[in-house]
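Okay, here's what each chain looks like letter by letter:
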Amino acid sequence: MQGWPMRVLRVVAVAVLLDTLVQAALAGLFVTGDLDLLTWHAANASVLSALTVVETVAALVVWRRLAAPGWPAAASAVLVALVSVQQGLGEARVLAGHIPLGMGVFGCATVLACWAFTHRVGGTTRPAGVAE
């Protein structure tokens, strides 16, 4: 069935978006004084990092198998890099970069999730080896 890659991408895109929201909530609660949540925030950063890698793989499969546009796969790869930089800034306690970049991560995750639910899969698949 050709629609399974898009369904996988949709599930993973929602997971990335929700986990990004969880990250923001953990950060907000930490700032209000619950210092234990910083540990949870740091641990969840690894979960978000892994989810963005899975999202990139899913977006690549959608692009190659379903002849979808390539920009979501590229944007997903950029999101992997952004989350990695985000983790580094957080570990270094560079909040002047960490907080605004977090907003960018959330925006990128939102765009990818919206695209995954609004894109309609075409009736044919691209032959193997044919570029977009």
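Please refer to the structure placed before this passage.
This structure is a prediction, so every number in the text was calculated from the model and none was measured. (Residues numbered from 1 in each chain as written. Predicted model: local features only at pLDDT ≥ 70, side-chain atom pairs only at ≥ 80, totals over all residues. Heavy atoms only, no water.)

Q: What is the right way to look at the environment of Gln 87 in this model?
A: You can see Gln 87 is positioned in helix α3 (residues 71-91). Residues Gln 87 and His 98, spaced 11 residues apart in sequence, show a C-alpha to C-alpha distance of 8.1 Å. In contact with Gln 87, not counting residues within four places along its chain, are Ala 45, Ser 46 and Ser 49. (Helix = DSSP H or I, 4+ residues; strand = E, 2+ residues; numbered from the N terminus. Contact = heavy atoms within 4.5 Å.)

Q: Sorry, what's going on with the side chain of Glu 55 here?
A: Looking at where Glu 55 falls in the secondary structure, it is placed in helix α2 (residues 37-66). With no salt bridge to any partner, buried Glu 55 finds its closest opposite charge in Arg 10, at an N-O distance of 11 Å. Leaving out residues up to four positions away in the same chain, Glu 55 has contacts with Leu 9, Val 12, Ala 13, Val 16, Ser 76, Leu 79 and Leu 112. (Buried < 20%, exposed > 50% of the residue type's maximum accessible area, 1.4 Å probe, protein only. Lys, Arg positive; Asp, Glu negative; His and termini not counted. Salt bridge = Lys/Arg side-chain N within 4 Å of Asp/Glu carboxyl O.)

Q: Sorry if this is basic, but what is going on with the packing of α3 against helix α4 (residues 95-118) here?
A: When two helices pack together, you describe them by how their axes are tilted relative to each other and by the distance separating the axes. Running from amino to carboxyl end, α3 crosses α4 at an angle of 155°, the nearest separation of the two axes being 10 Å. On the basis of the axis angle, α3 is roughly antiparallel to α4. Regarding α3 and α4, the two cross each other, and that crossing is left-handed. In contact with Trp 71, Pro 72, Ala 75, Ser 76, Leu 79, Leu 82, Val 83, Val 85, Gln 86, Leu 89 and Gly 90 of α3, α4 contributes Gly 97, His 98, Leu 101, Gly 102, Val 105, Cys 108, Ala 109, Val 111, Leu 112 and Trp 115. A per-class count over the contact of α3 with α4 returns 15 nonpolar, six polar and no charged. (Axes fitted to C-alpha atoms, helices over the stretch in contact; angles between N-to-C directions. Parallel < 35°, antiparallel > 145°, perpendicular 65-115°, else oblique. Left-handed = near helix turned anticlockwise from the far one by under 90°. Nonpolar A, V, L, I, M, F, W, Y, C, P; charged D, E, K, R; others polar.)

Q: Would you take a moment to explain the packing of aromatic side chains for this structure?
A: Two measures describe an aromatic ring pair: the distance that separates the ring centres and the angle between the ring planes. Inspection of the entire model under this criterion finds one aromatic pair. The interplanar angle of 70° and the centroid separation of 5.9 Å between the aromatic rings of Trp 71 and Trp 115 together place this pair among those described as edge-to-face. Here Trp 71 is found in helix α3, whereas its partner Trp 115 is found in helix α4, with 44 residues between them in sequence. With relative accessibility at 41%, the residue Trp 71 sits in the partly exposed group. Directly above the aromatic system of Trp 63 lies the positively charged group of Arg 64, at a separation of 5.2 Å from the ring centroid. (Phe/Tyr/Trp six-rings, centres within 6.5 Å; stacked < 30°, edge-to-face > 60°. Lys NZ or Arg CZ within 6 Å of the ring centre and 35° of its normal.)

Q: Would you mind going over the packing of α2 against α3 with me for this structure?
A: Where α2 meets α3, the axes come as close as 8 Å, and the angle between the chain directions of the two elements is 165°. Considering their axes alone, α2 and α3 lie roughly antiparallel with respect to each other. For the pair α2 and α3, the crossing hand works out as left-handed. Facing Ala 45, Ser 46, Leu 48, Ser 49, Thr 52, Val 53, Glu 55, Thr 56, Ala 59 and Leu 60 of α2, the residues of α3 in contact are Pro 72, Ala 73, Ser 76, Ala 77, Leu 79, Val 80, Val 83 and Gln 87.

Q: Before we go on, may I ask you to explain unusual backbone geometry in this structure?
A: Trans peptide bonds make up most of the peptide bonds, and negative phi angles are found at most residues other than glycine. Positive phi values are uncommon outside glycine, yet Ala 67 reaches one of about 55°. By secondary structure assignment, the location of Ala 67 is in the loop between α2 and α3. The partly exposed category is assigned to Ala 67, whose relative accessible area is 38%.

Q: When you look at helix α1 (residues 4-31) in this model, what are you seeing that I'm missing?
A: Residues spaced three or four apart along an α-helix face the same direction, because each turn holds 3.6 residues. Taking 1.5 Å of rise per residue, 28 residues should cover 40 Å, and α1 covers 41 Å from first to last C-alpha, within 8% of that figure. Among all positions of α1, only Pro 5, Met 6, Leu 9, Arg 10, Val 12, Ala 13, Val 16, Asp 19, Thr 20, Gln 23 and Leu 26 are buried. Packing partners of the buried residues in α1 comprise α2, α3 and α4. Phi turns positive one or two residues past the end of α1, at Gly 33, with a value near 125°. (Expected span 1.5 Å × (residues − 1).)

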